[in-house]
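Below, each chain spelled out in residue letters.
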Protein chains: 2
Amino acid sequence: MGLETPEGYTALGEATVAAFLAGLPAVAKRLGGGPKDWTVGEVGDGNLNLVFLVDGPKGGVCVKQSLPYVRLVGEGWPMPLERAFFERSCLAEHGRHVGRLIPEVYHYDPLRFAIVMEKLSPHIIMRRGMIEAVRYPSFADHISTYMARALFFTSDLALPAPEKKQKVKLFCDNTELCRITEDLIFTDPYRVHERNRWTSPQLDGIAADIRADCELKLAVSTLKLKFLTRAEALLHGDLHTGSVMVTEDDSRVIDPEFAFFGPMGFDIGAVIGNLLLNYFAQDGHATSDRPRDDYQDWVLETVDEVWSLFQGKFLALWADHPDGDAYPADLFADAEGAEALAAAKHVFMRRLFADALGFGAAKMIRRILGLAHNIDLEWIEDPDRRAVCETRALKLARDLMVNTSDYRTIADVTAAARETRAKG
Amino acid sequence: MGLETPEGYTALGEATVAAFLAGLPAVAKRLGGGPKDWTVGEVGDGNLNLVFLVDGPKGGVCVKQSLPYVRLVGEGWPMPLERAFFERSCLAEHGRHVGRLIPEVYHYDPLRFAIVMEKLSPHIIMRRGMIEAVRYPSFADHISTYMARALFFTSDLALPAPEKKQKVKLFCDNTELCRITEDLIFTDPYRVHERNRWTSPQLDGIAADIRADCELKLAVSTLKLKFLTRAEALLHGDLHTGSVMVTEDDSRVIDPEFAFFGPMGFDIGAVIGNLLLNYFAQDGHATSDRPRDDYQDWVLETVDEVWSLFQGKFLALWADHPDGDAYPADLFADAEGAEALAAAKHVFMRRLFADALGFGAAKMIRRILGLAHNIDLEWIEDPDRRAVCETRALKLARDLMVNTSDYRTIADVTAAARETRAKG
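Reference entry: report on the structure contained in this document. Within every chain, residues take consecutive numbers counted from 1 along the sequence as written. A letter from A marks each chain and a number from 1 marks each ligand, given out in the order of writing. Reporting of local features is limited, given that this is a predicted model, to residues whose pLDDT is at least 70; pairs of side-chain atoms are given and counted only at 80 or more, and all residues count toward the totals for whole chains, interfaces and linings. Side-chain numbers here rest on the full set of heavy atoms in the structure, without hydrogens or water.

**Section: the overall build of chain A**
Helix and strand counts for chain A come out as 15 helices and 12 strands. Taken against the 2.2 N^0.38 rule, which gives 22 Å for 424 residues, the C-alpha radius of gyration of chain A at 22 Å falls within 12% of a compact globule. Considering only C-alpha atoms, chain A reaches an extent of 60 × 60 × 40 Å along its principal axes. Burial status follows relative accessibility: with a 1.4 Å probe on protein chains alone, a residue under 20% of its type maximum counts as buried, one over 50% as exposed, and anything between as partly exposed. Of all 424 residues assigned to chain A, the portion counted as buried reaches 61%. Secondary structure elements follow DSSP: runs of H or I of four or more residues count as helices, runs of E of two or more count as strands, with numbering from the N terminus. Two things to know: the radius of gyration comes from C-alpha atoms, and the globule rule equals 2.2 Å times the number of residues to the power 0.38.

Shown next as structure tokens:
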């Protein structure tokens, strides 16, 4: 390995994982038998890390280890091992609030920067299921609970300020992962950069239009400033449909290595933006004997439900747990105060909705014009067909980001998605 | 001393300061002679700390030491010694940007939590001069430079994100001092609390009105949420006219122990709010043979200049040093981009102006209805006369906070101050 790593760190391999786990009695017991009875498979299909699934006679575990570089790119792009620490810290913090909506962590190894956690089975990555037009009828309920609880309970609405400041401090060091977001989402797609790629030549024109679109560049820069300055809650930081593992009736949020205190709308927008990308991508996967229109309806219903359920749950938590230093309960204790506070909550949610749309739009654009694309679109083999889907997604995203205030409800968003698709 | 303190800490006294300084060769050399030649006086008139002025044959120094409690209240209100560390850290950070607008630090003692720094002479606390109607013709120029440079160079407009995050992290532990602000400025004056006091019975009615004023309580709670979440720049955190030492042509900002990363408007508002308090207080100090109308004109001219000069200087810094991660320069490099960015800067400054007015208003209200008052008003002996001044200040502050968007320019603010005074 060319990059320097701290003493005690070695990248695990399929041959060495079992020995590592054998040294952890509670984990070994969970697997059953001994190392010779365990099968190991490396399955990391993400962009950054090693991921091993280990099965024994009694059960299985998942081992996720940081590499000192970005796996997608190689040693030329070093990346701090400590991201495993932040992932584990976020799993611990969110775990207190969302229970079984994330995997259980069995062990964290600070020398190997490795997390040993629950192996999710028979779960698959939600994005893969959605490409196959599989419906997840409980997803909107699950993800809205996850977001409402994870965001509310790490915000100033629920926490006393000193406690929140300590949590903010812990995640201040996750700078390199934040920088990926700052560069790849908020900056690169809007300028000429060697890391960018898109369906070419079909999108050359629209990519150039976006690089010249000053209104859009101002809007995304304002979002970036929010991302840089607003420590509202502990975010997952990368909450797309590739970070959710699902069965028909279970959903688990994984991979919060981008965790940090930022604007709540960033996580909500990530979910909505990725659902909208899938909506547009379906037209590239539909065949005459297997049309996708009904599924697209379901995707948009899910977009609607994600926001509507989130809003209801977040407000219910705020009503039940007004324990933070923001909007002190005793200032609004009487009937008139309660009414005033209700109005303020409405304003708060409208602002959060607008943030979510802006951030969601930024997520859509980066997946089409930036470095990291998603397979909803990438797996459309015919570039002409893919470009049609991508162009529609870019058009909607541009409007969501620049004319955010025109979208007053989530129904306005899904209607605009339908209209954008219908127009070609 | 009843409160536990770390090993090595003893509160200094007039008798022990010289021995402490004798152990610091560079400081001893600055004073000249030996400890026997040095005179020591304790002059701390603030609310929290010990302050010694030490003079020797060659020169003088100032020693500021944390006490483990709030001096104004006593041991019943413990307060972390570490505030000296944050003051020194802020002096170091701001010092890189504002040069001689703050005192030079000669030494920091981490065991004694003591800062040895430049003795400012013949400077006096600006608030005391203003009560005597002394004009400081350079103040607006100095304080606007201080704020523009301290805020700009610690913001995402000037800093790469990883560097800024490290600075944010450093100040995350200054929680107890932030809590004083959170409670005493944004919360207590708006509820019944034993710490509150006001000119009674004259202000009993308006204090009750304010506690029942839901619009105002929402507005101050929204400001509090900004204070809790928006890490825009390294703030002084307590930038009133009692934190500025002046001569006719020099101004030095002292006492940044409340320093932390927060919303820029908080510091700007502190300056404006305290000038406005002085403006209204003058009517309590005027006599028939020494009217204060001309001085009040000067105070309002100064309010106007503080904002106008700040705005110009901040925008000039932004034009000259667009080195931060926010609003990346290469996105706005061409003529159209430059025009768009100029528009965005205008929006940014309008938002900052509104924040400053809201925070300034909060500062005004807390000084009349909360725990810590200021001598501009306190030194008006006749309570009826004082109450008239205070009532006017509260009326303007209430309007500034609730109807912030009605104030489009700083001239609107000074006009409203004049009108509020004229109406009685």
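**Some points on the interface of chain B and chain A**
Size of an interface, as often reported, equals the accessible area lost when the parts are brought together. For this analysis, residues touch if any pair of their heavy atoms sits within 4.5 Å. Across the boundary between the two partners, chain B contributes 44 residues, which contact 44 residues of chain A. Regarding the contact of chain B and chain A, the summed buried area is about 4,100 Å², with carbon and sulfur atoms giving 61% of it. The buried area of a pairing is the accessible area, by a 1.4 Å probe, that goes missing from both parts when the two are put together, added over both. Considering only the surface of chain B that becomes buried against chain A, Lys165, Leu218 and Leu331 of chain B emerge as the three largest contributors, covering 15% of it. Definition used for salt bridges: Asp or Glu carboxyl oxygen within 4 Å of a side-chain nitrogen of Lys or Arg. Run the count over chain B and chain A and you get 8 salt bridges. Where lysine 169 of chain A meets aspartate 173 of chain B, a salt bridge forms, and the shortest distance between an N and an O atom there is 2.6 Å. At the level of elements, helix H6 (161-171), helix H7 (175-184), helix H9 (214-229) and helix H12 (335-369) of chain B are the ones that each hand at least two residues to the side of chain B that touches chain A. The element that contributes the greatest number of residues to the side of chain B that touches chain A is H9 of chain B, accounting for 9 residues. Taken together, the residues that form the side of chain B that touches chain A break down as 22 nonpolar, 7 polar and 15 charged. For this classification, the nonpolar set comprises Ala, Val, Leu, Ile, Met, Phe, Trp, Tyr, Cys and Pro, the charged set comprises Asp, Glu, Lys and Arg, and every other residue, Gly included, is treated as polar.

**Here we look at the relation of the copies chain B and chain A**
The atoms used to superpose the copies are C-alpha atoms, taken from residues with pLDDT of at least 70 in both, and the fit is least squares. You can overlay chain B on chain A at an RMSD of 0.0 Å; the transform is a turn of 180° with a shift of 0.0 Å along its axis. Taken together, the turn and the small shift mark the pair as related by a two-fold rotation axis.

**Topic: the packing of H12 of chain B against helix H14 (residues 383-402) of chain B**
Residues and elements named next belong to chain B. Comment: axis = line fitted to C-alpha atoms, over the contacting stretch for helices; angle = value between 0 and 180 degrees taken between N-to-C directions. Two elements in contact, H12 and H14, have axes whose closest approach is 8 Å; the angle formed by their N-to-C orientations is 150°. In terms of orientation, H12 and H14 fall into the roughly antiparallel class. Where H12 crosses over H14, the handedness of that crossing is left-handed. Between H12 and H14, the contacting residues are Leu357, Gly358, Ala361, Ala362, Met364, Ile365, Ile368 and Leu369 on the first element and Glu390, Ala393, Leu394, Ala397, Leu400 and Met401 on the second. When the residues that make up the contact of H12 with H14 are grouped by side-chain class, the tally is 12 nonpolar, 1 polar and 1 charged. Just so you know how the angles are binned, under 35 degrees is roughly parallel, over 145 roughly antiparallel, 65 to 115 roughly perpendicular, and the rest oblique. Helix crossings get a hand from a simple test, with the near helix turned counterclockwise from the far one by less than a right angle marking a left-handed crossing and a clockwise turn marking a right-handed one.

**Things to note about the sheet that holds strand S8 (residues 124-125) of chain A**
Residues and elements named next belong to chain A. When DSSP locates at least two bridges between a pair of strands, those strands are taken to pair. With antiparallel pairing, the 3 strands of this open sheet are ordered in space as S8-S10-S11. Bordering the open sheet on either side are S8 and strand S11 (251-253), each of which pairs with just one other strand. Contacting strand S10 (244-246) and S11, helix H5 (residues 139-152) crosses the sheet at an angle of about 35° to S11.

**Focus: the environment of phenylalanine 86 of chain A**
Residues and elements named next belong to chain A. Positionally, phenylalanine 86 belongs in helix H3 (residues 83-98). A residue is classified by how much of its surface remains accessible, and phenylalanine 86, at 4% relative accessible area, is buried. Taking the C-alpha atoms as reference points, phenylalanine 86 and valine 220, 134 residues apart in sequence, are found 26 Å from one another. Excluding residues within four positions of it along the chain, phenylalanine 86 makes contact with Leu170, Phe171, Asp173, Asn174, Pro256, Glu257 and Ala259.

**Focus on the packing of aromatic side chains**
Stacked, edge-to-face and tilted labels apply to pairs of Phe, Tyr and Trp rings (six-membered ring for Trp) whose centres lie within 6.5 Å, assigned for plane angles under 30 degrees, over 60, and everything in between, in that order. With the rule as written, the count across this model stands at 42 aromatic pairs over all chains. Seen from their ring centres, phenylalanine 186 of chain A and phenylalanine 266 of chain A are 6.2 Å apart, and the 40° between their planes marks the pair as tilted. On the criterion of sequence distance, the pair formed by phenylalanine 186 of chain A in the loop between helix H7 (175-184) and helix H8 (204-211) and phenylalanine 266 of chain A in helix H10 (residues 265-285) is long-range, its members being 80 residues apart. Of the two residues, phenylalanine 186 of chain A and phenylalanine 266 of chain A, both sit in the buried class. Counting every residue linked through ring pairs, the aromatic cluster contains Phe152, Phe153, Trp307, Phe310, Phe314, Trp318, Tyr327, Phe348 and Phe353 of chain A. Here arginine 30 of chain A stacks its cationic end above the ring of tyrosine 106 of chain A, 3.7 Å away from the centre of that ring. The aromatic ring of phenylalanine 348 of chain B is capped on one face by arginine 351 of chain B, whose charged end is 5.1 Å from the ring centroid. Counting as a charge over the ring demands two things of the Lys NZ or Arg CZ atom: a distance within 6 Å of the ring centre and an angle within 35 degrees of the ring normal.

**Brief notes about the pattern of salt bridges**
Where side chains of opposite charge bring their charged atoms close, a pairing between them can arise. With the rule as written, the count across this model stands at 71 salt bridges over all chains. A salt bridge links arginine 179 of chain B to aspartate 183 of chain B; the nearest nitrogen and oxygen atoms lie 3.8 Å apart. Taken together, the positions of arginine 179 of chain B and aspartate 183 of chain B, both in helix H7 and 4 residues apart, correspond to about one turn of that helix. Look at arginine 179 of chain B and you get partly exposed, because its relative accessible area is 23%. Across the salt bridge formed by arginine 197 of chain B and glutamate 378 of chain B, the nearest N and O atoms sit 3.4 Å from each other. With arginine 197 of chain B in the loop between H7 and helix H8 (204-211) and glutamate 378 of chain B in helix H13 (residues 375-378), the pair connects residues that are 181 residues apart, well separated along the chain. Glutamate 378 of chain B gets classed as partly exposed once you look at its relative accessible area, which sits at 28%. Each of the salt bridges in this network shares a partner with another, and the network as a whole consists of Asp325 and Asp330 of chain A together with Arg179, Asp183, Asp188, Arg191 and Arg195 of chain B.

**Describing unusual backbone geometry**
In the segment running from serine 121 of chain B into proline 122 of chain B, the intervening peptide bond is cis, with an omega of 10°. Relative to the elements of secondary structure, proline 122 of chain B occurs in the loop between strand S7 (114-118) and strand S8 (124-125). Here the residue pair serine 200 of chain B and proline 201 of chain B is connected by a cis peptide bond, since its omega of 10° sits within 30 degrees of zero. Its place among the elements puts proline 201 of chain B in the loop between H7 and H8. A positive phi angle is found at phenylalanine 113 of chain A, which is not glycine, with a value near 50°. Relative to the assigned elements, phenylalanine 113 of chain A resides in the loop between strand S6 (105-109) and strand S7 (114-118). Judged by relative accessible area, which is 9%, phenylalanine 113 of chain A ranks as buried. Despite not being glycine, tyrosine 327 of chain B shows a phi value in the positive range, around 45°. As for its placement among the helices and strands, tyrosine 327 of chain B is situated in the loop between helix H11 (293-320) and H12.

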